[in-house]
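Architecture at a glance
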Amino acid sequence: MTAPGEQPERAVRSYVITKGRARPSRNTINVDTLLVAADPGRPLPVTASREETALVRMCARLLSLAEAAAHLSLPVSLVKVVASDLVDSGHLAARSGIPEAAGPDTQLLQEVLDGLRRLR
């Protein structure tokens with residue numbers, strides 16, 4: 001029996017959910033990666049786990065990997081492996097943070113800072 005606020009012990013071990021793997025097939029998925037169902041109408045195979053089904057269902061709306069792990073009450077590392085498999089199978093699309101090229105131009109920011117300092 002569990003105390004209030006505690007999670008019950010999982011009947012299925014993590015390595016069973018990830019099919020024995022500890023690492024995802026792609027290294028582009030991080031805790032801040034946004035996940036979304038690639039084709040919400042596309043059914044999962046009948047062999048899909050409860051975790052895969054739940055992840056695809058909750059990703060009908062854009063959701064970060066960290067948020068998905070929290071909703072599933074699973075470790076982020078485990079959800080990373082499951083999400084990676086679903087991206088590989090085309091059921092999820094992963095959107096990473098802002099690309100480096102889309103970030104602010106540091107030279108322009110420095111020129112603005114220098115101009116503001118000259119106004120003193």
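Residues numbered from 1 in each chain as written. Predicted model: local features only at pLDDT ≥ 70, side-chain atom pairs only at ≥ 80, totals over all residues. Heavy atoms only, no water.

What follows is about the sheet that holds strand E2 (residues 63–64). An order of E2-E1-E3 is seen for the three strands of this open sheet, with the pairing classed as antiparallel. The strands lining the two open edges of the sheet, one partner per strand, are E2 and strand E3 (92–95). With four bridges joining them, strand E1 (residues 34–37) and E3 adopt antiparallel strand pairing. Counterpart to Ala-37 in the pairing with E3 is Leu-92. (Pairing = 2+ DSSP bridges. Helix = DSSP H or I, 4+ residues; strand = E, 2+ residues; numbered from the N terminus.)

Their axes nearest at 9 Å, the elements helix H3 (residues 65–72) and helix H4 (residues 76–88) cross at an angle of 110 degrees. By the angle between their axes, H3 is roughly perpendicular relative to H4. The handedness of the crossing between H3 and H4 is right-handed. Contact residues: H3 offers Leu-65, Ala-68, Ala-69 and Leu-72, while H4 offers Val-76, Val-79, Lys-80 and Ala-83. (Axes fitted to C-alpha atoms, helices over the stretch in contact; angles between N-to-C directions. Parallel < 35°, antiparallel > 145°, perpendicular 65-115°, else oblique. Left-handed = near helix turned anticlockwise from the far one by under 90°. Contact = heavy atoms within 4.5 Å.)

Here we take up the nonpolar core. Judged by nonpolar contacts, the single largest core of 18 residues is most densely connected at Leu-35, Leu-55, Val-79 and Leu-92. For this core, the elements supplying multiple residues, two or more each, are helix H2 (50–58), H3 and H4. If you tally residues by element for this core, the top one is H4, at six residues. Non-local contacts of Val-79, meaning those with residues more than four positions away in its chain, are made with Leu-55, Leu-65, Ala-68, Ala-69, Leu-72 and Leu-74. (Core = buried A, V, L, I, M, F, W, Y, C linked by side-chain atoms within 4.5 Å. Buried < 20%, exposed > 50% of the residue type's maximum accessible area, 1.4 Å probe, protein only.)

Note: predicted coordinates in regions of low pLDDT should not be interpreted at a detailed level. Summing up the model confidence of the protein chain, the mean pLDDT is 80 and the portion of residues at 70 or higher is 72%. Across the protein chain, H3 holds the top mean pLDDT of 93, while helix H1 (residues 14–17) sits lowest at 60. (pLDDT = per-residue confidence, 0-100.)

A positive phi angle, close to 55 degrees, is found at Ser-73, a residue other than glycine. With respect to the element layout, Ser-73 can be found in the loop between H3 and H4.

Here we take up the packing of H2 against H4. The contact between H2 and H4 brings their axes to 10 Å, and the two run at 70 degrees. In terms of axis orientation, H2 runs roughly perpendicular to H4. For the pair H2 and H4, contact is made by Glu-52, Leu-55 and Val-56 and by Val-79, Val-82, Ala-83 and Leu-86, respectively. Here the residues of the contact of H2 with H4 sort into six nonpolar, no polar and one charged. (Nonpolar A, V, L, I, M, F, W, Y, C, P; charged D, E, K, R; others polar.)

Before going further, it helps to spend a moment on a nonpolar patch on the surface. Taken together, the side chains of Leu-108, Val-112, Leu-116 and Leu-119 define a hydrophobic patch exposed on the protein surface, amounting to about 420 Å² of accessible area. Among the secondary structure elements, Val-112 is positioned in helix H5 (residues 106–118). Take Val-112: its relative accessible area is 45%, and that puts it in the partly exposed class. (Patch = residues over 30% accessible without salt bridge, like charges linked within 9 Å, V, L, I, M, F, W, Y side chains within 5 Å. Areas by Shrake-Rupley, 256 points an atom, 1.4 Å probe, with all protein chains shown as cover. Salt bridge = Lys/Arg side-chain N within 4 Å of Asp/Glu carboxyl O.)

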